[in-house]
Amino acid sequence: MNKKGSITIYVLIILLFVSIIFTFLTDQVRNDRDLNKNLIDRKQVSYNSQSVINIFIKNRREDIVEYILKNDGKDQSDTDRFNQTYKGRSYRLYLKYYKSHPEIKEFDGTYMIVNDFAYLDTSRAMTRYFLKADINPILDTINPPAYKDKADLYDKITYAQDPLRYENLKIDESIKDSYEGLIIVNNDLILDKDFTVEGILIVKGRLISNGNLLKVKGQFIGNETDISTIEVHRDRALIRKYLVIDENICDYYIYSQYLDE
């Protein structure tokens, strides 16, 4: 092989190596660029997913409170679906109550909000927020605490209509046998005859029955009471009729949040 031919072969070999190195570097740059884009997309989709729920929690208070009051304490709760718009796009959210969480006991009694369809190009994220609720015991239809034990909460209530207020109230022949609405007695309620209330009755002092019967349909809040002298049929729908549903009746806060990418 002559000298000219050898030089040609060497040149071709060098060009081949240069081509391989160039291709490798080009692919590496492309891969790094794609990786960086994926990382940026993942961060963006995570941010979007959380922003959607944060906006929902802030702006849809009425919907969230209505769900809480409808499902609080249920063994089998409903799953409600909501649409939330963010940056011109609609996202689907789900709201679910867990009286007993199937996997994590810490989440017993929480309300889970899920955004499971946040994506950008090839990146996708599912965000789960867990809320806890503070519900005024006036809505407790099982065993509401005595007035003296939760007076600070009962006294914060805003009513949908003005209640009848008394320092002391004596039910005698001058008063009708029944009343529909709100009654608040700052001290003692004294019964000289049977009496029926449909609505809310709060007695901050004693119930002195004198052997007579007090019947309440709706809600009764008092202190120690001889159960033989009172019949209470608690009804949350009837109770709510007389309340302004504000943050003193039901409020909520973010307890925990998870992001699955």
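Remember, predicted model here, so these are calculated numbers, not experimental data.

## Things to note about the side chain of aspartate 188
Then, number 1: With respect to the helices and strands, the residue aspartate 188 is situated in the loop between strand E7 (178-185) and strand E8 (189-191).
Then, number 2: Of the polar contacts made by the side chain of aspartate 188, one reaches the backbone nitrogen of arginine 206; its length is 2.8 Å.
Then, number 3: Beyond its immediate chain neighbours, meaning those up to four positions away, aspartate 188 contacts Glu167, Asn168, Leu169, Gly205, Arg206 and Ile208.

## Details of the pattern of salt bridges
Then, number 1: Applying the stated criterion across every chain, the model contains 13 salt bridges.
Then, number 2: Linking arginine 60 and aspartate 63 is a salt bridge whose minimum nitrogen-to-oxygen distance equals 2.7 Å.
Then, number 3: We note a salt bridge from arginine 206 to aspartate 188, for which the minimum N-O separation is 2.8 Å. On the criterion of sequence distance, the pair formed by arginine 206 in the loop between strand E9 (195-203) and strand E10 (207-208) and aspartate 188 in the loop between E7 and E8 is long-range, its members being 18 residues apart.

## Overview of the environment of isoleucine 208
Then, number 1: Relative to the helices and strands, isoleucine 208 is located in strand E10.
Then, number 2: Judged by relative accessible area, isoleucine 208 falls into the partly exposed class, the value being 24%.
Then, number 3: Among all residues touching isoleucine 208, those that are not within four sequence positions of it are Asp188, Leu189, Ile190 and Leu191.

## Some remarks on the packing of aromatic side chains
Pairs of aromatic rings are described using the distance from one ring centre to the other and the angle between the two planes.
Then, number 1: Following the criterion strictly, the structure yields six aromatic pairs and no others.
Then, number 2: Judged by centre distance (4.7 Å) and plane angle (35°), the ring pair of tyrosine 97 and tyrosine 111 falls under tilted. A residue pair is termed long-range when its members are at least 10 positions apart, and tyrosine 97 in strand E2 (residues 89-98) and tyrosine 111 in strand E3 (residues 110-120) qualify at 14 residues.
Then, number 3: Among the residues examined, tyrosine 97 registers a relative accessible area of 7% and is labelled buried.
Then, number 4: Classification of tyrosine 111 as buried rests on a relative accessible area of 2%.
Then, number 5: Clustering of aromatic rings is evident, with ring pairs tying together Tyr67, Tyr97 and Tyr111.
Then, number 6: Above the ring of tyrosine 255, the side-chain terminus of lysine 132 is found at 4.1 Å from the ring centroid.

## Quick notes on the sheet that holds E8
Then, number 1: Ordered by their spatial adjacency, three strands build an open sheet running E6-E8-E10, and the pairing between neighbours is parallel. Lying at the two open borders of the sheet, with one neighbouring strand each, are strand E6 (169-171) and E10.
Then, number 2: Here E8 pairs with E10 via two bridges, running parallel. Bridge pairing in E10 links isoleucine 190 to isoleucine 208.

## Concerning unusual backbone geometry
Then, number 1: You will see that lysine 87, though not glycine, has its phi angle at about 50°, which is positive.
Then, number 2: Mapped onto the fold, lysine 87 is located in the loop between strand E1 (79-86) and E2.
Then, number 3: Take lysine 87: its relative accessible area is 64%, and that puts it in the exposed class.
Then, number 4: Despite not being glycine, asparagine 210 has its phi angle at roughly 55°, a positive value.

## Re the sheet that holds strand E11 (residues 214-221)
Then, number 1: If you walk across this open sheet you meet the five strands as E5-E7-E9-E11-E12, and the pairing is parallel. In this open sheet, the two edge strands, each paired with only one partner strand, are strand E5 (164-166) and strand E12 (230-234). Here the strands of the sheet are splayed against their neighbours by 35° on average, with no regard to which way each runs.

## Regarding the pairing of E1
Then, number 1: Burial of the side chains of E1 is restricted to one face: Asp80, Phe82, Gln84 and Tyr86 are buried, whereas none of Thr79, Arg81, Asn83 and Thr85 on the reverse face is.
Then, number 2: By the bridge criterion, eight bridges tie E1 to E2 in an arrangement that is antiparallel. Looking at the pairing, asparagine 83 lines up with arginine 92 of E2.
Then, number 3: Following E1, the chain reverses through two residues before pairing antiparallel with E2; lysine 87 in that reversal takes a positive phi of roughly 50°.

## Some remarks on the nonpolar core
Then, number 1: Among the nonpolar cores identified, the biggest contains 38 residues, and Ile113, Ile138, Ile200, Ile202 and Leu243 are the most heavily contacted of them.
Then, number 2: Ranked by residues supplied to this core, first place goes to helix H2 (residues 61-71) with five residues.
Then, number 3: Leave out the neighbours within four places in its chain, and leucine 243 touches Ile138, Leu139, Ile157, Thr158, Tyr159, Ala160, Ile200 and Ile249.
Then, number 4: Ranked by size, the runner-up nonpolar core spans 15 residues in total, among them Phe195, Val203, Leu214 and Ile230.

## Some details on the environment of leucine 182
Then, number 1: Secondary-structure assignment places leucine 182 in strand E7.
Then, number 2: Taking the relative accessible area as the measure of exposure, leucine 182 reaches 2% and is therefore buried.
Then, number 3: Counting along the chain gives 23 residues from leucine 182 to tyrosine 159, while the straight-line C-alpha distance between them is 8.7 Å.
Then, number 4: The residues contacting leucine 182, other than those within four sequence positions of it, are Tyr159, Gln161, Pro163, Leu164, Ile200 and Tyr242.

So, how was this worked out
- Residues numbered from 1 in each chain as written.
- Predicted model: local features only at pLDDT ≥ 70, side-chain atom pairs only at ≥ 80, totals over all residues.
- Heavy atoms only, no water.
- Helix = DSSP H or I, 4+ residues; strand = E, 2+ residues; numbered from the N terminus.
- Polar contact = N/O pair within 3.5 Å; in protein donor to acceptor, adjacent residues only side chain to side chain.
- Contact = heavy atoms within 4.5 Å.
- Salt bridge = Lys/Arg side-chain N within 4 Å of Asp/Glu carboxyl O.
- Buried < 20%, exposed > 50% of the residue type's maximum accessible area, 1.4 Å probe, protein only.
- Phe/Tyr/Trp six-rings, centres within 6.5 Å; stacked < 30°, edge-to-face > 60°.
- Lys NZ or Arg CZ within 6 Å of the ring centre and 35° of its normal.
- Pairing = 2+ DSSP bridges.
- Axes fitted to C-alpha atoms, helices over the stretch in contact; angles between N-to-C directions.
- Core = buried A, V, L, I, M, F, W, Y, C linked by side-chain atoms within 4.5 Å.

Functional significance is not addressed by these values, which are geometric in nature.
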